[in-house]
Amino acid sequence: MGAHVMVLGAGVGGSTVATELRRLLPAEHRITLVERAGKFVLGASLLRVIVGERSPEDIARPVSVLSRRGIEVIQAEIEQIDPARRRVVVGSRELVADYLVIALGADLEPLSVPGLSDAGHSFYTLDGAVALRDALSRFEGQRLVVLTAAPAYKCPAAPYEASLLMEWRLRQRGIRGNGSIDLYAAEPAPMGVAGPKVSAGVRDLLAAKGIAYHPDHQIVRADAAHRRLQFANGAEASYDLLAFVAPHRAPRVVREAGLTAESGWIPVDRATLRTRFERVWALGDVTGIPLKMGKPLPKAATFAAGEAEAVARSVAAELGVGEPAAAYSALGECWVEIGDGAAAHGHGDFYGDPAPVVALEPPTGDAHRAKEAWERDWLARWA
Ligand SMILES: Cc1cc2nc3c(=O)[nH]c(=O)nc-3n(C[C@H](O)[C@H](O)[C@H](O)COP(=O)(O)OP(=O)(O)OC[C@H]3O[C@@H](n4cnc5c(N)ncnc54)[C@H](O)[C@@H]3O)c2cc1C
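Asker: Report on the site of the ligand, specifying residues and quantitative values.
Answerer: Near the ligand, the surroundings consist of 29 residues, among which G13, E35, I78, D285 and A301 are the closest. Within the backbone of A300, a nitrogen or oxygen atom sits 3.4 Å from an oxygen atom of the ligand. K371 places a side-chain nitrogen or oxygen 3.5 Å from an oxygen atom of the ligand. Elements supplying a minimum of two residues to the shell around the ligand: helix 1 (12–24), helix 9 (301–318) and helix 10 (365–380). Tallied by class, the residues present in the shell around the ligand amount to 15 nonpolar, eight polar and six charged.

Have a look at this one:
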């Protein structure tokens with residue numbers, strides 16, 4: 001008799017694990033994918049939306065596409081997870097799996113900072129990116145501020161890339177000379193897990209475009225009426241247009257299931273992505289994987305997708321298909337777009353011991369084209 005594999009979340013990790021499992025497993029095994037959103041949105045492309053290079057339709061795909069591939073797609077909010085019994089409550093239904101994969105990502109929590117959600121645009125959502133695009137194309141003010149409202153967030157390159165791309169957009173509009181661009185970061189350095197050389201490389205990219213960088217600025221309050229930001233270190237800043245990355249948190253359903261540890265995220269074995277529950281795996285942004293250097297593995301599609309492939313092979317091997325997966329190796333890459341058709345390529349081994357071994361190459365047109373090919377490849381998976 002076939003087994004029932006249930007995947008929770010159809011983002012980068014969940015869609016990859018479900019697709020890969022469907023490819024590996026004979027049809028007698030059932031694969032169910034539960035996702036609340038009707039559409040998959042490619043996070044990396046949100047930055048291109050902000051500068052008007054992509055429309056929302058360009059970067060979103062209906063999740064239902066996956067049902068044409070023999071995956072049973074249930075579009076609904078997951079209300080409860082019982083990991084010990086691999087049981088999930090979805091609406092009035094209770095679903096039970098033989099194998100459970102949790103890929104529920106990270107929720108954004110702008111309301112956790114008083115005043116923040118009214119003060120600017122949360123560009124990590126499609127609606128927020130579209131609103132920022134519209135505000136940026138109308139912008140006639142002096143002070144553009146980009147803010148990270150907590151030190152850890154998915155895609156550590158994204159707020160830096162967003163600042164550089166918006167700088168480019170203002171130059172295209174011929175109004176860059178009119179004002180300032182400031183990036184206030186809660187973290188001590190850009191892309192800190194990748195090491196001091198990468199941080200210095202990103203700082204140089206900002207400096208070359210005249211973007212002022214203020215690390216170690218933890219926002220405590222935003223005042224939309226007076227367009228003021230207050231930081232924990234006593235500093236204050238004014239803005240005319242604010243783009244921010246909201247604090248992240250594991251989804252409520254995951255926290256209530258008792259799946260999270262002190263880190264706030266699901267602990268997993270870093271080589272196998274297994275949780276402490278039998279036949280339950282977790283992967284992607286919802287996990288907390290400590291690195292030897294003390295900080296966690298960054299949250300990024302490059303890791304969620306690699307982890308998903310490893311988990312699919314593990315589940316298949318347990319069902320007698322193929323060899324058990326090799327230990328997950330956390331090789332990752334990303335691109336920092338700087339505008340003008342150029343990007344800096346970052347790549348490395350994030351399980352490096354004693355610290356990740358990561359390089360950031362100088363910006364080139366080839367790297368920009370490689371990023372575009374990566375985006376196209378992702379969206380083609382949903383065709
Ligand atoms: C602006 C931006 C730029 C980025 N750029 C890059 C980049 O260049 N390179 C890179 O590698 N990464 C990038 N990322 C990060 C990348 O998008 C994420 O790390 C990746 O999507 C994580 O995959 P995941 O499957 O863990 O989570 P997600 O892709 O977020 O998927 C989680 C899914 O779970 C669903 N879900 C959550 N709770 C429930 C529930 N209760 N019921 C039902 N469904 C639920 C959500 O709707 C979502 O679809 C970027 C992200 C952003 C926002």
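Read on for the rest.
Asker: Go over the environment of P251 with me, naming the residues and quoting the values.
Answerer: With respect to the helices and strands, the residue P251 is situated in the loop between strand 19 (248–249) and helix 8 (252–256). In this structure the C-alpha to C-alpha distance between P251 and G264, which are 13 residues apart in sequence, comes to 10.0 Å. Setting aside anything within four residues of it in sequence, one finds P251 in contact with L104, G105, A106, D107 and V286.

Asker: I'd like to hear about the pattern of salt bridges, residue by residue, with values.
Answerer: All chains considered together, the criterion is met by 28 salt bridges. Between R143 and D240 there is a salt bridge, with its nearest N and O atoms 2.8 Å apart. Highlighted residues: R143 in strand 12 (residues 143–148) and D240 in the loop between strand 17 (236–238) and strand 18 (241–245), separated in sequence by 97 residues. The partly exposed category is assigned to R143, whose relative accessible area is 32%. A residue is classified by how much of its surface remains accessible, and D240, at 21% relative accessible area, is partly exposed. The salt bridge involving K292 is made with D353; its shortest N-O contact spans 3.4 Å. Taken together, the residues span a long stretch of sequence, with K292 in the loop between strand 22 (287–288) and helix 9 and D353 in the loop between strand 24 (342–349) and strand 25 (357–360) at a distance of 61 residues. When its relative accessible area of 53% is taken as the criterion, K292 is described as exposed. Each member of the salt-bridge network shares a partner with another, and the members are R48, E53, R54, E372 and E375.

What counts as what
Residues numbered from 1 in each chain as written. Predicted model: local features only at pLDDT ≥ 70, side-chain atom pairs only at ≥ 80, totals over all residues. Heavy atoms only, no water. Near = heavy atom within 4 Å. Polar contact = N/O pair within 3.5 Å; in protein donor to acceptor, adjacent residues only side chain to side chain. Helix = DSSP H or I, 4+ residues; strand = E, 2+ residues; numbered from the N terminus. Nonpolar A, V, L, I, M, F, W, Y, C, P; charged D, E, K, R; others polar. Contact = heavy atoms within 4.5 Å. Salt bridge = Lys/Arg side-chain N within 4 Å of Asp/Glu carboxyl O. Buried < 20%, exposed > 50% of the residue type's maximum accessible area, 1.4 Å probe, protein only.

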